[in-house]
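Coordinate inspection notes
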Amino acid sequence: MRNLIVSVICFFPFYFLSAQQTISVSGLLLDGDTKEPLAFVNVAVHHMDNNTLVTGTISDENGRFNISGITIGNYKLYFSYIGYSTTERTLVSGGLNTIFDLGRIELSPSGEALAEVEVVGEQAVTNAELSKKSFSLEDNIAQSGGSVMDAMKTLPGVTFDQEGKVVLRGSDKVVVLIDGKQSSLTGFGNQKGLANIPASNIEKIEIINNPSAKYDANGFAGIVNIIYKKEKQLGLNGDIGLSFGLGAVGKRREDTPTNLGSYTVNPKLIPSLNLNYKKDKVNYFLQTEFILQEALPNNEFTTRNYDDGRNVISQVPENRRQFRSIINGGIDYDMDENNSFTFSGLYDREKHIDTAQVAFIDLNTNNRNRFYTWQEEEVTRYINASVNYRHRFEQPGHTLSANAQFTQGLEDETYSLNDSSAVRVGRDKTNIRAIENTTSISTDYVKPLRAGRMELGAKLRIRRLPVDYTITPGNESIIYSDLGTFSDWGENLYAGYANFVLEKEKYDVETGLRTEQTNVFYDLDPVNAYYPNNDKYDYFELFPSVRFTYKLNAHNRISAFYNRRIDRPGEPELRVFPKYDDPELLKVGNPYLRPQFTDALELAHKYLWSTGSLFTSVYHRMIQDQYMRIYSIDDSNPDYDIVNRIYQNTGKATNTGLELLLSQDISNKWKVSGTFNWYSNAINAYEGTLLFPYERSFSIQKTTVDAWNLKINTEMTLPKDLSVQLTGVYYSDRNIPQGKELSRSSIDFGVKKRFWNKKAELTISASDIFNRFGIRQEVSGEGFGVLYQNYFETQIFRVGFKYKI
């Protein structure tokens, strides 16, 4: 309760993009009698309410006109030419569509007048904000110098699980995109790496809770789109930055008795560079980021209470030394006014060495009955190359684009395992080497309409991920035998979509349909004794999406959404080779997993006033064949019990919630905002069968537990270009499979000083000042109970410097 009170009285901003969206309007002017194009016709844009002139232009030699940079709102357009009657058109723009084509506009010779077409709307913040929320990182002070995950901690409805995955509105089935596309940085349909992507070169983050049909259908909880900085100014521009930090300054809990314990006061150095150079038809861009650090990404205390009276605690501190480099660059080339290419590439290499000494303590006698040490050396590398072509038709906003992308990912992981205790004395070694090749080809077509647009597209994606598994078993080896030495996973995806947007006086509609054909195979080594058959299946599915918005008045609008989504298990969820960082708590995949499908409904309302806004949303999701990790005892070893954490399909579930986002400017120098998200996760009772390492049943009881999170925030601008930010986050208890996750909270603080004519800035920030953001879970299984506490590195103090070139 103390943490909740502290969080409530703190203030913390999230950064809605303040830049106002603009629109463009075009059309073709014709002689009403001859139907010939009319050149040099005057086009004037006036405000609807007071008829004052906003801007204007004249038609070109082909009778076409185009006006861009108009603020969203309501306008009258007047078309006048000597010898012709003035013609009028009205334009409504609420943000759902940003490019309008008025089509053929005929001017009648003098004496004839066209009737006025009256369309009334309102000047408002974009309609799209009801389905997409954008957050700028420019003024993210309290999390400055950190990772993308640090920055996302403040976003509405976003939490994280014990594996570092984004949880959006209570679900980890989230797709993370880079610049609107799946990338090797974040995974193809499966999250990874967000804690290791520096936020220094990120411009903004978008949350899309109800994606349209043009997006891939995976990710039932929604999409997080990370947008990198990319300037288009002439000449050389960009910025250079350097961040230094210390993590895990304090310990939430004392280590179990070992020589090494867990790392503390961990140094971190993150230099970054963002450059753009534009000259004539060519724009060059380069972003580089490096991480050199010690870290504690996991620090897992696991207390096992068995029904027979045994009570055992172990600690697995993942003491890490890491170096990571990310280099992203490319060229934008404008062949002419209508055709352009972008060639880009990304190189991402990371190496870390994790070391742990794991003591198993008998809590009944306080004796150490097992001592287990391990070292993991892992190298990951990703190479991404893409080419994008874009053709602009004569009509503004009328485009055809094509994209080809190839990604190769390498994972080379070696575990050296050592037991030295009464349980056993022995050494083991495992190595997993996986190389993933992904090829994607897509095309997208956009046709603006007078009051909307039409979008069409197609996509082909081919993924292959063979895995080689090598073991060196020692005396009384803990490694499961008869797993085989290889596996091979592949997925072919064929997709097409159509999406239509219509914007009217009183309502807006967006509707679309995506079709996807998916072929999957997973081949195992024939010597595998646990899963006797290879797996192969294919399916064809339709994924409709609908959005309807009704405009109550200039300050109120209501939207209703429906979409169908899919979440496909990737190779990491299917992998049959266990992870041995804790020999008594093994994590392993399931090659027989199937996709889960979700039908999502949402009703959203946005109310605007001059100094703020209130966003309210009610949502409900129905999930079929959900998959998750199951805890189960493995008593195949006569010397000690093992608890397996195995992925399994578990039947039906629902997710229902309410989200509130409030933003208020107290003054022009003080902004306050907050978000509240309540949700109820209902998991149906389910009984199933586990096959690894022997066939046994498991059951899940029907549970319905409410959970909520609160984020309150403030930012103040002080004299002498000084800014201060204070943030508070609180997550309540929430249910998880076979148990619940306990509440946690965080308070972050940051100060930023601009100088040298605002070209340089210095930031000092502190994340999780009181070290209360660790994860705690209580789990009940057949014959045992578990208290899981992961007091990983959440407390970090940083100082950063950035200079704009």
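Everything below is about the structure printed above this text.
In this report, we go over the structure that sits alongside the text. (Residues numbered from 1 in each chain as written. Predicted model: local features only at pLDDT ≥ 70, side-chain atom pairs only at ≥ 80, totals over all residues. Heavy atoms only, no water.)

Focus on the packing of aromatic side chains
Which entries qualify depends on this criterion: Any two rings among Phe, Tyr and Trp, with Trp reduced to its six-membered ring, count as a pair given centres within 6.5 Å; such a pair is stacked if its planes are under 30 degrees apart, edge-to-face if over 60, and tilted if neither. By the criteria applied, helices consist of DSSP H or I runs no shorter than four residues and strands consist of E runs no shorter than two, each listed in order from the N terminus.
On inspection of all chains with the given rule, the structure shows 26 aromatic pairs. Here Tyr686 and Phe698 contribute two aromatic rings whose centre-to-centre distance is 6.2 Å and whose plane-to-plane angle is 40°, an arrangement assigned as tilted. Placement of the pair is Tyr686 in strand S36 (residues 686–690) and Phe698 in strand S37 (residues 696–700), with a sequence separation of twelve residues. Between Tyr731 and Phe773, the aromatic rings sit 5.3 Å apart at their centres with planes inclined by 55°, giving tilted as the arrangement.

Description of the environment of Asp362
To be explicit about the condition: Every residue pair with non-hydrogen atoms within 4.5 Å of one another is taken to be in contact.
Mapped onto the secondary structure, Asp362 falls in strand S20 (residues 339–362). Contacts of Asp362, omitting those with residues within four sequence positions, involve Asn311, Asn367 and Asn369.

Remarks on the sheet that holds strand S3 (residues 53–58)
Here is the rule: We call two strands paired when DSSP finds no fewer than two bridges between them. Orientation is described by lines fitted to C-alpha atoms, with helices fitted over the stretch in contact, and by angles between N-to-C directions that extend from 0 to 180 degrees.
Within the open sheet, the four strands sit side by side as S3-S2-S5-S6. Their pairing is antiparallel. Every other strand in the sheet has two partners, leaving S3 and strand S6 (84–92) as the edge strands with one partner each. Each adjacent strand pair in this sheet contributes to an overall mean axis angle of 20°, direction not counted. Relative to strand S5 (residues 74–81), strand S2 (residues 42–47) runs antiparallel, the two sharing six bridges. Paired with Val45 across the two strands is Leu77, which belongs to S5.

Remarks on the side chain of Ser732
Note the following rule: The classification of residues rests on relative accessible area computed with a 1.4 Å probe and restricted to protein chains. Under 20% of the type maximum is buried, over 50% is exposed, and intermediate values are partly exposed. Residues adjacent in sequence count toward polar contacts only when both atoms are side-chain atoms; beyond that, a polar contact is any pair of N or O atoms within 3.5 Å, and within protein one must be able to donate a hydrogen and the other to accept it.
Residue position: Ser732 is located in the loop between strand S39 (722–731) and strand S40 (734–736). Judged by relative accessible area, which is 9%, Ser732 ranks as buried. A polar contact of 2.7 Å, which involves the side chain of Ser732, links it to the backbone nitrogen of Trp708. Every residue in contact with Ser732, bar those within four places of it in the chain, is listed here: Ala707, Trp708, Glu741, Leu742 and Ser743.

Observations regarding unusual backbone geometry
Of the consecutive residues Phe692 and Pro693, the connecting peptide bond is found in the cis state with omega at -10°. On the secondary structure map, Pro693 appears in the loop between S36 and S37. For Asp482, which is not glycine, the phi dihedral falls at a positive 60°. Relative to the helices and strands, Asp482 resides in the loop between strand S24 (452–472) and strand S25 (486–503).

Here's the deal with the pairing of S5
The element S5 is largely enclosed, with a buried count of six among its eight residues. Strand direction decides the pairing type here: S5 and S6, joined by seven bridges, are antiparallel. When the sheet's bridge partners are listed, Tyr75 is paired in S6 with Leu91. Taking the residues between adjacent antiparallel strands as the criterion, S5 and S6 are bridged by two residues, where Gly83 takes a positive phi near 90°.

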